[in-house]
Amino acid sequence: MEIADETLKRIQILKDKYASIGQDLNSYLDGLIYANPLAYWDYIEVDALLSLQKPKTDFPDEKIFIVYHQITELYFYLAEHELKQIAYNGKNISDQGQDMGWNSELKIDYLIDRLRRINKYFEALTKSFDVMRFGMEKEQFTKFRMSLLSASGFQTASYRRIEIACTDLKYLVHESKRKHLWTAEVHEQLDNIYWKQGAIVEDTGEKTLTLKHFEQKYMADFHKLADEFETRNVWKKVQQLPEADRKNPKLVKELRELDVNVNINWPLVHYRTAVRYLAKDKGESKGTGGTNWQNYLPPRFQRRIFYPELWSQQEMDEWGKAWVEEVLADSIRTENLRENI
Ligand code: HEM
């Protein structure tokens, strides 16, 4: 049988490819002869994926709770994947599909495109959060959550890594200390990051076990990230662009959307969900280990803003406020909660 020119051309390319890394083409062709065709279930690891849900109770809705957290982790993972590429200017891939390392400079179109992707991930999460909010029976939730103590979504390390990769740490320092630590080194800023004021026992002001465990497990990693992203976070990468690029309206739009997605939209749908499950008509509604969640979670209280330079004073004063109407129309029942939004 004659071998077509197109096939010969490919064989030549393959030969060059393997020669360039000191490998013998024929051995690799042998590998192709013996290899089985790839199946979807093996490639996507469907069986492994669907074996990762291990409810602690018999309440059927606990599975929904686990799966939705896992879905969220996967989207956050994708966001981190994009943030890493932004940090290192994107991968340089040869025509033969080989990884040639990171690019030496960041192209503005690449940056805009990656930011847009991250925004899409967050939009998907924000839109789908109703799966949590209305997708479980409150009676089941209030029971099975007691078997999960002291675990809390508060311990989502990926959200914290996303923040560190998105902006300078000085913007993430708790508001009460931000001015004072504005020019401090990143590790001191990290030790005073805003979320250390969350997962605090409401009655005593002590750290909850949830927070202590979280710090034990991840704080050292976060310090490494603080070093890695000090000069590579999104805001720094924007500063490193040529002046004209920095003001590119498409870039500014994506940055502002990112700020709103991570610091208002997602926190707000999450908060509304917490309200639905934890608020009671009368009396206290306890977070994990008695946390201060009602005073901590509302975006308007936290006032996390990645890119203050891109917002007017009025916009920052009203951070998270435009949502008040919508949230109030919701089924929030206690006066206490109403004041907190
Ligand atoms: C019924 C569903 C949920 C409820 C009732 C809920 C409730 C809470 C509460 C009360 C807190 C404050 C800390 C504590 O007391 O534990 C918290 C924090 C948090 N949860 Fe959830 N959560 C829910 C779903 C989720 C999901 C699906 C995720 C996704 C990973 C998540 C991620 C987080 C994060 C990242 C924080 C920290 C927020 C911050 O620091 O601003 N939660 N959650």
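Everything quoted here is computed from the prediction, not taken from an experiment.

Another aspect to go through is the overall build of the protein chain. A count of helical and extended segments in the protein chain gives 20 helices and two strands. In terms of its C-alpha atoms, the protein chain occupies a principal-axis envelope of roughly 85 × 55 × 35 Å. For the protein chain, the proportion of its 341 residues judged to be buried stands at 43%. Residue pairs at least 24 apart in sequence account for 69% of intrachain contacts in the protein chain once pairs closer than 6 positions are excluded. Surface exposure of the protein chain reaches about 19500 Å², of which carbon and sulfur atoms provide 53%. Between the averaged position of the 49 positive side-chain charges in the protein chain and that of its 54 negative side-chain charges there is a distance of 3 Å.

What the rule picks out here adds up to 27 aromatic pairs. Judged by centre distance (6.2 Å) and plane angle (70°), the ring pair of Phe122 and Tyr159 falls under edge-to-face. One end of the pair, Phe122, is in helix 6 (residues 108–128); the other, Tyr159, is in helix 9 (residues 157–166), and 37 residues separate them in sequence. Assigned by exposure class, Phe122 and Tyr159 land together as buried. Residues Tyr271 and Trp293 carry aromatic rings whose centres are separated by 6.1 Å and whose planes lie at 55° to one another, so their mutual orientation is tilted. In this pair, Tyr271 is assigned in helix 15 (residues 249–278) and Trp293 in helix 16 (residues 293–296), connecting sequence segments 22 residues apart. Both residues of the pair, Tyr271 and Trp293, count as buried. Each member of the aromatic cluster is reached from another via a ring pair, and the members are Tyr68, Phe76, Phe122, Phe129, Tyr159 and Trp266. In this arrangement the basic side chain of Lys91 is found over the ring face of Trp102, its NZ or CZ atom lying 4.5 Å from the centre. For the cation-ring pair, Arg160 lies above Phe154, with the distance from its terminal atom to the ring centre recorded as 5.5 Å.

A few words now on the packing of helix 5 (residues 61–87) against helix 6. Two measures define how a pair of helices packs: the angle their axes make with one another and the distance between the axes. One way to put it is that helix 5 packs onto helix 6 with a least axis distance of 9 Å and a crossing angle of 170°. One element, helix 5, and the other, helix 6, form an angle in the roughly antiparallel class. Facing helix 5, whose interface residues are Tyr68, Thr72, Tyr75, Phe76, Leu78, Ala79, Glu82, Leu83, Gln85 and Ile86, helix 6 presents Tyr110, Leu111, Arg114, Leu115, Arg117, Ile118, Tyr121, Phe122, Ala124, Leu125 and Ser128. Class assignment of the residues belonging to the contact of helix 5 with helix 6 gives a composition of 15 nonpolar, three polar and three charged.

Let us look at the domain arrangement of the protein chain. In many analyses, interface size is given as the accessible surface area lost on bringing the parts together. What the domain assignment reports for the protein chain is domain 1 (5–35) and domain 2 (53–340). With centres defined by C-alpha atoms, the gap from domain 1 to domain 2 works out at 46 Å.

With that settled, consider the coordination of the iron atom of the ligand. Just one protein ligand coordinates the iron atom of the ligand, and it is His270 (NE2) at 2.1 Å. Along the chain, the position of His270 falls in helix 15.

The subject of this paragraph is unusual backbone geometry. At the junction of Leu149 and Ser150, the peptide bond is cis and its omega measures out at 0° in the coordinates. At Ala199, a residue that is not glycine, the phi angle is positive and equals roughly 50°. Residue placement: Ala199 occurs in the loop between helix 11 (186–191) and helix 12 (209–229). Here the phi dihedral of Arg303 falls at roughly 50°; this positive angle occurs in a residue that is not glycine. Following the sequence through the fold, Arg303 ends up in the loop between helix 17 (299–302) and helix 18 (313–317).

Between its first and last C-alpha, helix 5 extends 39 Å over 27 residues, near the 39 Å set by a 1.5 Å rise per residue. Taken from the residues just after helix 5, Asn89 is the one with a positive phi, measuring 70°.

Turning our attention to the site of the ligand. Close to the ligand lie 27 residues, the nearest being Arg160, His270, Thr288, Thr291 and Tyr296. Measuring from an oxygen atom of the ligand, one finds a side-chain N or O atom of Arg160 at 2.4 Å. Contact between the ligand and Thr288: an oxygen atom at 2.5 Å from a side-chain N or O atom of the residue. Listed by contribution, the elements that provide at least two residues to the shell around the ligand are helix 5, helix 15 and helix 16. For the shell around the ligand, a count of residues per class yields 14 nonpolar, eleven polar and two charged.

Before going further, it helps to spend a moment on the environment of Lys84. Note on placement: Lys84 falls in helix 5. For Lys84, a relative accessible area of 38% corresponds to the partly exposed category. In this structure, the C-alpha to C-alpha distance between Lys84 and Lys237, residues 153 residues apart in sequence, is 12 Å. If we skip the residues at most four places from it in the chain, Lys84 touches Trp102 and Glu228.

Reading the values: rules and limits
Residues numbered from 1 in each chain as written. Predicted model: local features only at pLDDT ≥ 70, side-chain atom pairs only at ≥ 80, totals over all residues. Heavy atoms only, no water. Helix = DSSP H or I, 4+ residues; strand = E, 2+ residues; numbered from the N terminus. Buried < 20%, exposed > 50% of the residue type's maximum accessible area, 1.4 Å probe, protein only. Contact = heavy atoms within 4.5 Å. Areas by Shrake-Rupley, 256 points an atom, 1.4 Å probe, with all protein chains shown as cover. Lys, Arg positive; Asp, Glu negative; His and termini not counted. Charge placed at Lys NZ, Arg CZ, Asp CG, Glu CD. Phe/Tyr/Trp six-rings, centres within 6.5 Å; stacked < 30°, edge-to-face > 60°. Lys NZ or Arg CZ within 6 Å of the ring centre and 35° of its normal. Axes fitted to C-alpha atoms, helices over the stretch in contact; angles between N-to-C directions. Parallel < 35°, antiparallel > 145°, perpendicular 65-115°, else oblique. Nonpolar A, V, L, I, M, F, W, Y, C, P; charged D, E, K, R; others polar. Domains from an automatic or database assignment. Donors = N, O, S within 2.8 Å, 3.2 Å for Na, K, Ca; no water. Expected span 1.5 Å × (residues − 1). Near = heavy atom within 4 Å. Polar contact = N/O pair within 3.5 Å; in protein donor to acceptor, adjacent residues only side chain to side chain.

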